[in-house]
Each structure stands twice: as structure tokens, then as C-alpha cells.
Amino acid sequence: MTQEKIIENWVKEYTNDLFNWAYHKTSDYQSAEDLVQETFLVAAEKIESFRNESQPRTWLFGILKNKIAEYFRLKVKHPIIHVEKEESFELFFDNNGKWNKHSRPDEWNINEEQLFDNEGFNHIFEQCMKKLPAQWFSCISMKYLEERDPKLVCQELDLSTTNYWQIIHRAKLQLRECLEQHWFHT
Amino acid sequence: MISCKKATGLIEKRSVIGLSFAEKFQLHIHTAMCSACTNYQKQSVLIDNMLKHTSKHLPANIPAENTDHVSGLISKILNKKNS
């Protein structure tokens, strides 16, 4: 089989899985399409180095994961929305750093395992993630993408560890409140 | 005593780079007396677990639009390659 033919078969066989994964990570159709196209471009360039030692699927997913990490890095370095630090905290805390009345976390009565498999909750969770500013979304996603050492993630994102956990702090406050409003209080 | 803003910050800092002894102590004292931050602490861990869960599993329901995108994308990639 020619290399062209091999790639063509891979495109037909794996585009579906690669696209769904890229969409799941980025929540954006255009970005997911771009990432999958780039993945096959890299695959076509590097096909010589693919030696049938791994499954094509694993190999392609490896390329895609690198592309996704690169995508998040760019988003963090060039944030589209810039949110002032203090402004975003004011939503949750008063001047003395005490919880505002409407933001005080209530108890959630839940069974974690059932919750994670609940389709309704998964949907709300995804919606709440999408509401995060792009930079925060990228920081949070990078933290869990491959459960890498946070120090390494910071290096990749060009952030100090302090900046990084502060972004995570704001993102988690917003995510938590969104979940409470749309799931636990309804 | 540290504020709730500081306490929740320490909870997130802990999950990223860990805390110094003094910070651990401050957080411990705070959460012992603040039910809202105790709730936050539990929920923060829950959100972490949920994020870990979703980063490994594809959702059970893939949006129907994805299928249309995929067939369009396949022909896009193949046409580009042949041209």
C-alpha cells in the first residue's frame, strides 16, 4: 500500500474519533476541525517514522494531544478577554474577603459516582466550563489534560506558579457557583 | 484569622503546588470555624474529580452535529491532499 493510500484509510477510519475528542476538549467546532486537519498533516509528514510498533490510532491520538496542548498554550498567551483580578473576586467576596451572602457555598448532597454518570449533570458541567474566560478554560484544561506536573504546565504556559493557581482559584469559584445555581439549587 | 477569599485561594494553591506549614495551619484553623469554606473545600475536590473524569472519558452523548462535521471534514482533508 502506498503512503497516500495508508493516510487516506486512516482519515476515513479515525477522523470521527479524533474529531469528537478534539471537540470534547475545545468545545469549539472550528478549532476541532483545524486540530484534526493539522494532525493528519503532521501524520503525512512523519509517516516515515511510524513503524507499525504502535497502533495507528494511538499514534494519531499522540499527535492530536500535542496539537491540543499547543492550542491551549496559544490561548493562554494571547487571551482574548482580559479580566481584572480584583473585579472578578468582587462577585464572590466583600471588601474584607468574606463570602457575599449569595455566594456562600451551601452543602451539596450527592453521590459522586452517580453524579459523574448523570447525563444532565454532564451537560450542565460542560455549559459551565464554556462560560469561563478562554484563558481560564485553557489553564484548567491543561491541568487535567494528562495530569502533568503543574510546574511543567506553568513553563509551557509561560506563567509563574503563583499566577497559575490564582487563575485556577478564580476559575473554580466561577465554576462552583455556576454548578450550584444550575444544578444543585434546582 | 485569614479571610474566606484567602482560605479558598489556599485550597486551590494546595492542589497546584502544595502549602507551607504556616499556610496549612492557617487553613486548618479557618475551615474548622467556617462551614462555607468547608463546603467549598469538599466541592473543590469534587470539581477536580469531575475534571479528571471528563478528561478521560468522552461524553456518552456525542452531539448530532458532530457527524455532519466529520463527513465534511473527511472530504476536506482528502481533497486537499489530492490537489
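Residues numbered from 1 in each chain as written. Chains lettered and ligands numbered in written order. Predicted model: local features only at pLDDT ≥ 70, side-chain atom pairs only at ≥ 80, totals over all residues. Heavy atoms only, no water.

Undergrad: If you had to explain the interface of chain A and chain B to someone new, which residues and values would you point to?
TA: Interfaces are often sized by the accessible area lost when the parts come together. Listed per partner, the contact involves 56 residues of chain A and 47 residues of chain B. A combined buried area of about 4900 Å² lies between chain A and chain B, and 67% of that area is made up of carbon and sulfur atoms. Linking chain A with chain B are three salt bridges, by the criterion used here. Where Lys-172 of chain A meets Glu-12 of chain B, a salt bridge forms, and the shortest distance between an N and an O atom there is 2.8 Å. Along the contact surface separating chain A from chain B lie 13 residue pairs in polar contact (both at pLDDT 80 or more). Where the side of chain A that touches chain B is concerned, the elements lending two or more residues are helix H1 (3-26), helix H2 (29-45), helix H4 (85-90), helix H5 (112-116), helix H6 (119-130), helix H7 (134-145) and helix H9 (161-184) of chain A. Of the residues forming the side of chain A that touches chain B, the biggest block, 13 residues, is contributed by H1 of chain A. (Contact = heavy atoms within 4.5 Å. Buried area = accessible area lost by both parts, 1.4 Å probe. Salt bridge = Lys/Arg side-chain N within 4 Å of Asp/Glu carboxyl O. Polar contact = N/O pair within 3.5 Å; in protein donor to acceptor, adjacent residues only side chain to side chain. Helix = DSSP H or I, 4+ residues; strand = E, 2+ residues; numbered from the N terminus.)

Undergrad: With reference to specific residues and values, describe unusual backbone geometry.
TA: Peptide bonds are mostly trans, and most non-glycine residues show a negative phi. Here the phi dihedral of Ser-27 of chain A falls at roughly 55°; this positive angle occurs in a residue that is not glycine. Its location among the elements puts Ser-27 of chain A in the loop between H1 and H2.

Undergrad: Let's hear about the domain arrangement of chain A: which residues, and what values?
TA: Residue and element names in this part refer to chain A. Once the domains are mapped, chain A shows domain 1 (3-77) and domain 2 (85-184). On the domain 1 side of the interface with domain 2, the three residues burying the most area are Phe-72, Arg-73 and Val-76, jointly 45% of the side's total. Where domain 1 touches domain 2, the interface holds zero salt bridges. Taken together, domain 1 and domain 2 are joined by zero residue pairs in polar contact (both at pLDDT 80 or more). Listed by contribution, the elements that provide at least two residues to the side of domain 1 that touches domain 2 are H1 and helix H3 (56-77). Counting residues per element, the side of domain 1 that touches domain 2 draws most heavily on H3, which supplies eight residues. Class assignment for the residues of the side of domain 1 that touches domain 2 results in five nonpolar, two polar and five charged. (Domains from an automatic or database assignment. Nonpolar A, V, L, I, M, F, W, Y, C, P; charged D, E, K, R; others polar.)

Undergrad: Now, about H3 of chain A: what can you tell me, with residues and values included?
TA: All names here are of chain A. Between the first and last C-alpha of H3 there are 32 Å, a value that for 22 residues agrees with the 32 Å anticipated at 1.5 Å per step. Considered for burial, the residues of H3 that qualify are Pro-56, Trp-59, Leu-60, Phe-61, Ile-63, Leu-64, Lys-67, Ile-68, Ala-69, Tyr-71, Phe-72 and Val-76. The inward-facing, buried residues of H3 abut H1, H2, H7 and helix H8 (150-157). (Expected span 1.5 Å × (residues − 1). Buried < 20%, exposed > 50% of the residue type's maximum accessible area, 1.4 Å probe, protein only.)

Undergrad: Report on the state of the cysteines, specifying residues and quantitative values.
TA: The tally for this structure, following the rule as stated, stands at one disulfide over all chains. The residue that forms a disulfide with Cys-128 of chain A is Cys-178 of chain A, at a sulfur-sulfur distance of 2.1 Å. Every disulfide takes its handedness from the sign of the S-S torsion; for Cys-128 of chain A and Cys-178 of chain A that torsion is -80°, giving left-handed. Taken as a pair, Cys-128 of chain A in helix H6 and Cys-178 of chain A in helix H9 lie far apart in primary sequence, 50 residues in all. Look at Cys-128 of chain A and you get buried, because its relative accessible area is 2%. No disulfide involves Cys-4 of chain B; its nearest neighbouring cysteine sulfur is the one of Cys-37 of chain B, lying 3.8 Å away. Of all cysteine sulfurs, the one in Cys-34 of chain B lies closest to Cys-37 of chain B, which takes part in no disulfide; the gap is 3.7 Å. (Disulfide = S-S within 2.5 Å.)

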